[in-house]
Amino acid sequence: MGDKTKIDWCDASWNPVTGCRHDCPYCYAYGIAKRFGAHLGDPLKWENHVLEHPVRTSETHEYMRMAGIKEGTVLPYPYDFDPTFHKYRLDIPFRWTWPRTIFVCSMADLFGNWVPEDWIIQVLEACRKAPWHRYLFLTKNPNRYDELEDKGIITPEDRNFWLGSTVTVETRDKMHYHSKMHTFQSCEPMLAPWPKAGPPNPESMKNHWMPEWVIFGAETGNRKGKVIPKKEWVDNAVQMCRNMGAAVFMKDSLRGIMGPDFVQEYPWEPFEKAGGGTPL
Ligand code: SF4
């Protein structure tokens, strides 16, 4: 799937790989994949799936037709939330002729340990074939970035790649910085208080690698045990960003909590809207 998106910090999302095994209790993607999934996988097996062509309703269980889904409709999640490589989607960025900021795999963790390296290589190659876009990646397993960098699979020449790591609890999750790659953090959902940041200390920051951009967001949905962040947590985290010179982007879910302190910054200049930019 590649399409316009409701995600407010990018222009489009593209999902050549779907499915994830992290099992986060607040996962929005799991709910979507279950709701619109075709349940083709074996629920008793943990399997990866590779699709050369899209799966359509006509190839699936009778119940899809009974659910009123039109004959011939392409099914976005044939195997629900099982890791699935949709190879037929690889050319989508190349077909988008105007530059966009693309969130790669909003419905997966492309860098999860279960994802074959070959899938990642093919996705990255598809990105390189359409270098007029900016590609944002996001993972809960940033060690995989390190491994891929060590192997030369991701390189500092990939200037339009932004390597993101998700941090929900400041003191627990691993963060990823790199001196030569663009990096960012997504602190969404914020699940715990953030410690108060000290005053800016340029000397202590000098030899640290810092992300250039940090996204903050509150948990959405109605999960039992849902965590609603306090303004103070966000204020502390923002101060930390200010100290290290990172741009701050607050998702709409924080608008009510932050009031006049709500900000949405980007670390790059925006692409010109359709009608500008670089056509093929
Ligand atoms: S890492 Fe993301 S996609 Fe995977 S289970 Fe957690 S929230 Fe869902």
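Preceding block: the structure.
Residues numbered from 1 in each chain as written. Predicted model: local features only at pLDDT ≥ 70, side-chain atom pairs only at ≥ 80, totals over all residues. Heavy atoms only, no water.

Examining the environment of His133
Stage number 1. With respect to the helices and strands, His133 occurs in the loop between α4 (117-128) and β7 (134-139).
Stage number 2. For the pair His133 and Pro99, spaced 34 residues apart in the sequence, the C-alpha separation amounts to 4.7 Å.
Stage number 3. Those residues in contact with His133 that sit more than four places away from it in its chain are Pro93, Trp96, Trp98, Pro99, Arg100, Ile102, Asn160 and Phe271.
Stage number 4. Within the structure, His133 has its side chain in polar contact with the backbone oxygen of Trp96 (distance 3.1 Å).
Stage number 5. Of note is the side chain of His133, whose polar atom sits 3.1 Å from the side chain of Trp132. (Helix = DSSP H or I, 4+ residues; strand = E, 2+ residues; numbered from the N terminus. Contact = heavy atoms within 4.5 Å. Polar contact = N/O pair within 3.5 Å; in protein donor to acceptor, adjacent residues only side chain to side chain.)

Notes on the site of the ligand
Stage number 1. Cys20, His22, Asp23, Cys24, Cys27 and Lys140 make up every residue found near the ligand.
Stage number 2. In terms of residue class, the shell around the ligand is built from three nonpolar, one polar and two charged. (Near = heavy atom within 4 Å. Nonpolar A, V, L, I, M, F, W, Y, C, P; charged D, E, K, R; others polar.)

Observations concerning the nonpolar core
Stage number 1. Formed by 31 residues in total, the largest nonpolar core has its most connected members in Trp14, Val104, Leu110, Tyr135 and Phe137.
Stage number 2. Going through the elements one at a time, β2 (12-14), β6 (101-104), α4, β7, α5 (143-150) and β8 (161-166) are the ones with two or more residues in this core.
Stage number 3. Top element by residues in this core is α4. It accounts for six residues.
Stage number 4. Residues Val167, Trp194, Cys241 and Met258 belong to the second largest nonpolar core, which totals 21 residues. (Core = buried A, V, L, I, M, F, W, Y, C linked by side-chain atoms within 4.5 Å. Buried < 20%, exposed > 50% of the residue type's maximum accessible area, 1.4 Å probe, protein only.)

Details of the sheet that holds strand β3 (residues 17-18)
Two pairing modes exist for strands in a sheet, parallel and antiparallel, and in both the strands are linked by backbone hydrogen bonds.
Stage number 1. Taken in spatial order, the three strands make up an open sheet running β3-β5-β4, and their pairing is mixed. Only two strands of the sheet have a single neighbouring strand rather than two, namely β3 and β4 (49-51).
Stage number 2. The pairing of β4 with strand β5 (residues 84-86) spans three bridges and is parallel. Bridge pairing links Leu51 to His86 in β5.
Stage number 3. The strands touched by α4 are β3, β4 and β5; relative to β5, the strand with the most contacts, the crossing angle is about 30°. (Pairing = 2+ DSSP bridges. Axes fitted to C-alpha atoms, helices over the stretch in contact; angles between N-to-C directions.)

Some remarks on unusual backbone geometry
Stage number 1. The omega torsion across Glu188 and Pro189 is -5°, close enough to zero to call that bond cis.
Stage number 2. Residues other than glycine seldom take positive phi values, yet His39 does so here, at roughly 55°.
Stage number 3. Judged by its relative accessible area of 35%, His39 falls in the partly exposed class.
Stage number 4. Phi is positive for Asp80, close to 55°, though the residue is something other than glycine.
Stage number 5. Relative accessible area serves as the criterion here: at 8%, Asp80 is assigned to the buried category.

A short note on the pattern of salt bridges
Stage number 1. Within the structure shown, the criterion is met by 13 salt bridges.
Stage number 2. In this structure, Glu125 engages Arg128 in a salt bridge whose closest nitrogen and oxygen atoms are separated by 2.8 Å. Linking Glu125 with Arg128, this pair stays in helix α4, spanning three residues, or about one helical turn.
Stage number 3. For Arg128, a relative accessible area of 30% translates into the label partly exposed.
Stage number 4. Among the salt bridges present, the one from Glu265 reaches Arg242, with a minimum N-O distance of 2.9 Å. Taken as a pair, Glu265 in the segment after α8 (255-258) and Arg242 in helix α7 (residues 231-244) lie far apart in primary sequence, 23 residues in all.
Stage number 5. Accessibility expressed as a relative area gives 26% for Glu265, which makes it partly exposed.
Stage number 6. Using a relative accessible area of 38% as the deciding quantity, one classes Arg242 as partly exposed. (Salt bridge = Lys/Arg side-chain N within 4 Å of Asp/Glu carboxyl O.)

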